[in-house]
Amino acid sequence: MSPSAGRRFRAYTAKHLDELTGRAGLDAHERLAVRAVATVLPFRVNSYVVDELIDWSAAPDDPIYRLTFPQPDMLPHADVARIADLLRADAPRKEVNQAANEVRARLNPHPAGQMALNIPKFGDDEPLSGVQHKYPETVLFFPKQGQTCHAYCTYCFRWAQFVGEPDLKMATDDIGALVGYLRRHPEVTSVLLTGGDPMIMGEGVLSRYVEPLLEVETLESIRVGTKALAYWPQRFVTDPDADETLRLFERVVASGKNLAFMAHFSHPNEMAPPLVQEAVRRIRGTGAVIRTQAPLIRTINDDSAVWETMWRAHVRHGMVPYYMFVERDTGPQDYFAVPLARAYEIFRGAYKNVSGLARTVRGPSMSATPGKVCVDGIAEVAGEKVFVLRLIQARDPDLVGRPFFAKYSESAAWLFDLEPALGATRFPYEAAPPDDPAELVGEA
Ligand SMILES: *Cc1c(COP(=O)(O)O)cnc(C)c1O
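Conventions and cut-offs
Residues numbered from 1 in each chain as written. Predicted model: local features only at pLDDT ≥ 70, side-chain atom pairs only at ≥ 80, totals over all residues. Heavy atoms only, no water. UniProt positions renumbered as here; feature names shortened; annotations may be inferred. Helix = DSSP H or I, 4+ residues; strand = E, 2+ residues; numbered from the N terminus. Buried < 20%, exposed > 50% of the residue type's maximum accessible area, 1.4 Å probe, protein only. Contact = heavy atoms within 4.5 Å. Expected span 1.5 Å × (residues − 1). Disulfide = S-S within 2.5 Å.

An unreviewed UniProt entry lists the protein under the name Lysine 2,3-aminomutase, with Marinitenerispora sediminis given as the organism. As recorded by UniProt, the Cofactor (unreviewed entry) comment attached to the protein reads in full: "pyridoxal 5'-phosphate".

Structure follows, in structure tokens:
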């Protein structure tokens, strides 16, 4: 255990796995398989997740247990068996790491085009490391000290960042460079601090990133993408720098900018402890707005009732439901993916039962290279069964809000599984071949 002065934060890592999975009732064979998976994919929980969130009487089926603990069948059986054999034989660490690296190399580490997008595309500027200019109005910033989380989600699409492969990491401590970039790009109105989890940073470090942004007149909002409310609400209530952090939030609001907490909540059980409710109350008390989002994950929250209960709890506590995401095409996606057709039914099953106050939520949405593609419906058009799709966010803003269609498929789980429908040969965000007759017609 690694105590951190004053705040009683205790992290549990792979070396505690055997004991914890034993508590979940796994037999020796399963515990070894879980340890094998954890040599490939990152594992980290903490005392709050273990003591307050997981229902151990329901483990290993408990959703929060499944949210945070590697599953023995998350990776190909042969890979798990090979590494399990090495662990059983007490093979040298180097040998185990090498086997793990080989398995990792076969998993897609890059969130759709992430590394390529590490170049501002909307100006003539030099590429900035740790900055992604995603959409004309939105820039993502990866603070160097914010590249971990209070606990890890098994389905994390940025998993590669947590396993120490340096070329997969991208982060910076150069806030001055970002401020310069924002001054050259007044069209950017929103900066999103992300990671990892920026709230892993103490107030002193966090304020060194946030304060300079308050001087940028053209910036309208600062967002913080965080799972801290679910995994370590102490950050806003009892940690030694909790009060100072709230004062920082108040300064952002006083500067005339919107401070948006993009809170990652995966399951209604995360809202149960009184401590998280108190954290929400305190953050809202600073004038910050809390918006909630999560991916739809097989075996964790793939049920309309779960989302309905979660959105209701969020509205009750004054938070604003924002996105339901489709699990991205990285890491163990096959294990967690929910087909788009089913994702749409789960979304609709929850959406139809909640008050308009919760219908601020949009989804199911795929955050992909061209933008965010939302599955708006399943329909029959001219005798053809289709998905009705819409870009709710796009690198080319002209594409936003125009409906388009894909052939219906029961099994398609991501954008690249889809084919254009109703005679179209490409999707609106795909470039036309230079001599495409359809394009000539379009221009006539
Ligand atoms: C959703 C998202 C954003 C922010 O888009 P909004 O629609 O403005 O919330 C930025 N970057 C990525 C990668 C996203 O998925």
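**Q** I keep staring at the overall build of the protein and nothing clicks. Help me out?
**A** Counting secondary structure elements, the protein contains 15 helices and 13 strands. Taking the principal axes of its C-alpha atoms as reference, the protein extends roughly 70 × 55 × 45 Å. Burial status across the protein gives 56% buried among its 444 residues. Within the protein, contacts between residues at least 6 apart in sequence are counted, and of these 72% link residues at least 24 apart.

**Q** Can you help me understand helix α14 (residues 340-351) in this one?
**A** In an α-helix, one turn spans 3.6 residues; hence positions three or four apart end up facing the same way. For α14, built from 12 residues, the straight-helix expectation of 16 Å at 1.5 Å per residue is met to within 8% by its first-to-last C-alpha distance of 16 Å. Among all positions in α14, only L340, A341, A343, Y344, I346, F347, G349 and A350 are buried. Where α14 is buried, its residues contact β8 (289-296), α12 (304-316), β9 (320-326), β10 (362-368), β11 (371-381) and β12 (384-394).

**Q** Even after reading the chapter, I still don't get the state of the cysteines, so can you show me in this structure?
**A** Each disulfide consists of a covalent bond between the sulfur atoms of two cysteine residues. As enumerated under the stated definition, the model contains 0 disulfides in all. Note on C149: no disulfide assigned, nearest cysteine sulfur contributed by C156 at a separation of 6.4 Å. On the basis of relative accessible area, C149 is assigned to the buried category, the value being 13%. Of all cysteine sulfurs in the structure, the one in C156 sits closest to C153, which takes part in no disulfide; the separation is 6.5 Å. C153 gets classed as buried once you look at its relative accessible area, which sits at 13%.

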